[in-house]
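Spelled out, the chains give:
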Amino acid sequence: MGCRLRKGDFVQVMKGKDAGKKGRIIRVYPRELSALVEGVNFVKKHVRPRKIDQQGGIITVEKPVSLANLSYFCMKCEKPTKIGYRFLSDGVKVRYCRGCEEIIETK
């Protein structure tokens, strides 16, 4: 199963505790069908001191979000939309927003 979302895409979370939040994709995990989004899905993790000078405690960490709960957020039409593929006249395959037909540029 292919993944239409890529690193650098601006997405919106559609379900879960962070529904409605927006952010850029930092990393995509295609085998797990999840992606790490900045500023979304923070969880608390208990860590124990590893070295003599390191302190243990509770830290907050970003965890991956399921791709099924993410939707590409188009900046032009300002709403979450689906991504489509098409070939340009010169034969280059590009992604585009199905709402406003705008070609998506990935950094």
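Scroll up to find the structure.
So, here's what we can say about the structure. On a predicted model such as this, the values are computed, not experimentally measured, just so you know. (Residues numbered from 1 in each chain as written. Predicted model: local features only at pLDDT ≥ 70, side-chain atom pairs only at ≥ 80, totals over all residues. Heavy atoms only, no water.)

### Structural notes on the overall build of the protein
So, point 1. For the protein, the helix and strand inventory stands at zero helices and ten strands.
So, point 2. Start at the N end of the protein and walk to the C end: the helices and strands fall as β-β-β-β-β-β-β-β-β-β.
So, point 3. Its C-alpha atoms give the protein a radius of gyration of 17 Å, clearly above 13 Å, the size a compact globule of 107 residues would have.
So, point 4. Across its three principal axes, the protein shows a C-alpha extent of roughly 65 × 25 × 25 Å.
So, point 5. By the burial criterion, 29% of the 107 residues in the protein qualify as buried. (Helix = DSSP H or I, 4+ residues; strand = E, 2+ residues; numbered from the N terminus. Rg over C-alpha atoms; globule rule 2.2 N^0.38 Å. Buried < 20%, exposed > 50% of the residue type's maximum accessible area, 1.4 Å probe, protein only.)

### Structural notes on the nonpolar core
So, point 1. Membership of the largest hydrophobic core comes to 16 residues, with the highest contact counts inside it found for Leu 5, Val 11, Ile 25, Ala 35, Val 37, Leu 70 and Tyr 72.
So, point 2. At the level of secondary structure, the elements contributing two or more residues to this core comprise strand 1 (10–13), strand 2 (22–29), strand 3 (34–37) and strand 7 (70–74).
So, point 3. For this core, the element with the highest residue contribution is strand 7, accounting for three residues. (Core = buried A, V, L, I, M, F, W, Y, C linked by side-chain atoms within 4.5 Å.)

### Thoughts on a positive patch on the surface
So, point 1. Together, Arg 4, Arg 6, Lys 82, Lys 93 and Arg 98 line one region of the surface with positive charge.
So, point 2. Tracing the sequence through the fold places Arg 6 in the segment before strand 1. (Patch = residues over 30% accessible without salt bridge, like charges linked within 9 Å, V, L, I, M, F, W, Y side chains within 5 Å. Areas by Shrake-Rupley, 256 points an atom, 1.4 Å probe, with all protein chains shown as cover. Salt bridge = Lys/Arg side-chain N within 4 Å of Asp/Glu carboxyl O. Lys, Arg positive; Asp, Glu negative; His and termini not counted. Charge placed at Lys NZ, Arg CZ, Asp CG, Glu CD.)

Limitation: the analysis is restricted to geometry and does not speak to function.
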